[in-house]
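A look at the structure
This is what each chain is made of:
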Amino acid sequence: MTWFDESRLDDERALATIDQLLRSLAGSGARIRREAADAAEALQEAVRRAAETGRPRAVVAAGPDSRLLRAVLEPFCPVPFVAWPAPGLPGWAGSLDLVVVLAPTGSDPGEASAAAEAVRRGAQLVVAAPAGSLVAQHSEGRDSTLIPVESGDTLATAILMLTYLNSIGLGPEADADNVADALDDVATSCSPHQDISVNPGKILALSLADSLPVVWGGSVLAARAARRVAEGLRRASGRGAIAGDADDLLPVIEAARPRNVFDDPFAEEQAVARPVLVVLDDGATDEIMLGQRRSLTEAADARGVRVEVVEAGTNTEVGRYASLLLQGTYAAEYLRLGLVADE
């Protein structure tokens, strides 16, 4: 059996065991700034080449991280956009199309396969990958541009590609400095040096310690952040955590038995984890989304289900996504730290 020891979240010796991990999270903003500065010349060259070839018929984002680009681009891209996480490319993709590949490590064979196929078909190809990597080697071609990366950070790599796509009129603004500032703000508020009474990451971890996290985000990007946060919570705790659309999550909340003040918290039937609704609020004001949120929170209130709201304090869509994801990641790591096994 495992239980949650909240004192570990402010214990220097316990925190020292995850010091390197927390330092990596705190450096998220710095990695974005560094990658953007190092790749500035390559980005300019990619934009220049795009101006010569003109607007593509369609954009294909290849590789496992293509879904993040899809979440950002689908509402804005003026040409058809396809996320292709499988190896290779769609059968129709060819010389009239733009293929972009996110390859933070450059070692994935599926990403290399997509890049090689784009070269073979004569498509415009822009790849963000480490120079000399497997993917970079398979990307060499007349119509190819390599944007070099070094950190292995998926978000930093995505920001470079989104900056490129914005520069050629195919995507929204993805200001690297704005995203980095948002991540720095999260790193400050969720720092291990901030005690549990004021640290949002530790507070959320404590709230989820003995519960089933039910994570919801209304917008496309917030929904993707919710899925990533739920994945992180599952990995950190070895327990269940779910994310999905409001219609999928509502039955889980409605199935929770209303709390009774006379319930014995140690009774066997109470051992089943109660849900906690975690709302990732990226400031979306769409009436449909607000209605879905209202349905979830009203159902939670009716059954005594706790509601935790994670807010993103920045003004760009990608920045809000990054802020929500990093806050959830901090909470997951603090949850991992606080869980201890009975000996």
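Further up the page is the structure itself.
Per chain, residues are indexed from 1 in the order of the written sequence. Given that this is a predicted model, residues contribute local features only at a pLDDT of at least 70 and side-chain atom pairs are listed and counted only at 80 or more, while totals for whole chains, interfaces and linings are drawn from all residues. Only hydrogens and water are set aside when side-chain values are computed; all heavy atoms of the structure are taken into account.

**Structural notes on helix α4 (residues 40–53)**
- Each helix is a run of H or I in the DSSP string that is no shorter than four residues. Each strand is a run of E no shorter than two, and both are numbered from the N terminus. Helix span, expected: 1.5 Å multiplied by one less than the number of residues in the helix. The terminal C-alpha atoms of α4, which comprises 14 residues, lie 20 Å apart, in line with the 20 Å expected from a rise of 1.5 Å per residue.
- Within the span of α4, buried status applies to Ala42, Leu43, Ala46 and Ala50. The buried residues of α4 occupy an angular sector of 100° when the element is viewed end-on, so they sit on one face. Summarising the geometry of α4, the exposed residues directed more than 90 degrees from the buried face are Glu41, Gln44, Ala51 and Glu52.
- What makes two residues a contact is simply this: any of their non-hydrogen atoms within 4.5 Å. Against the buried residues of α4 lie β6 (144–148) and α8 (154–167). We call a residue buried when its accessible area falls under 20% of the maximum for its residue type, exposed when it is over 50%, and partly exposed in between, using a 1.4 Å probe and counting protein chains only. To obtain the arc, one takes the directions from the helix axis to the C-beta atoms.

**Quick look at the sheet that holds β6**
- DSSP-based pairing: two strands are paired if at least 2 bridges between them are found. The parallel open sheet is built from five strands, whose spatial order is β3-β2-β4-β5-β6. Either end of the sheet is taken by a strand with one partner, and the two such strands are β3 (81–84) and β6. With direction set aside, neighbouring strand axes in the sheet form an average angle of 15°.
- Examined bridge by bridge, strand β2 (residues 59–62) and β3 share four bridges and lie parallel to one another. Bridge assignment links valine 59 to a residue of β3, and that residue is phenylalanine 81.
- To get an axis, fit a line to the C-alpha atoms, keeping to the stretch in contact for a helix; angles then go from 0 to 180 degrees between the N-to-C directions. Strands in contact with helix α5 (residues 66–73) are β2, β3 and β4 (98–102); relative to β3, the strand with the most contacts, it is inclined by about 160°.
- With respect to the sheet, α8 is in contact with β4, β5 (124–129) and β6, its orientation differing from that of β4 by roughly 160°.

**A closer look at the nonpolar core**
- Of all hydrophobic cores here, the largest spans 81 residues; its most connected members are Ile32, Leu69, Val100, Met161, Tyr164, Leu280 and Tyr330.
- Top element by residues in this core is helix α14 (residues 317–338). It accounts for twelve residues.
- Note that the domain bounds reflect an automated or database-derived domain assignment. Counting only domains with at least three residues in this core, you end up with domain 1 (2–27 + 179–341) and domain 2 (29–175).
- Those residues within four positions of leucine 280 in sequence are excluded, and the remaining contacts are Val215, Trp216, Gly217, Gly218, Ala222, Ala225, Ala226, Val229, Val310 and Leu324. By nonpolar core is meant a set of buried Ala, Val, Leu, Ile, Met, Phe, Trp, Tyr and Cys residues that side-chain atoms within 4.5 Å join together.

**A word on the sheet that holds strand β9 (residues 274–281)**
- With parallel pairing, the four strands of this open sheet are ordered in space as β8-β7-β9-β10. Single-partner strands in this sheet number two, and they are β8 (242–243) and β10 (307–311).
- For β9 and β10, the ladder comprises five bridges, and the chain directions are parallel. When the sheet's bridge partners are listed, aspartate 281 is paired in β10 with glutamate 311.
- Most of the contacts of helix α11 (residues 220–237) go to strand β7 (residues 211–217), to which it runs at about 160°, and overall it touches β7, β8 and β9.
- In the packing of helix α12 (residues 246–254) onto the sheet, contacts are made with β7, β8 and β9, and the angle to β7 comes to roughly 155°.

**Details of the packing of aromatic side chains**
- Stacked, tilted and edge-to-face are the three classes applied to pairs of Phe, Tyr and Trp rings, where Trp contributes its six-membered ring and a pair requires centres within 6.5 Å; stacked means planes under 30 degrees apart, edge-to-face means over 60, and tilted covers the rest. Tallied over the entire structure, the rule returns one aromatic pair.
- Consider the rings of tyrosine 330 and tyrosine 334, whose centres lie 6.2 Å apart with planes at 25°: the pair is stacked. Pair noted here: tyrosine 330 and tyrosine 334 are both in helix α14, with a separation of four residues, about one helical turn. For the residue pair tyrosine 330 and tyrosine 334, the accessibility class agrees, reading buried in each case.

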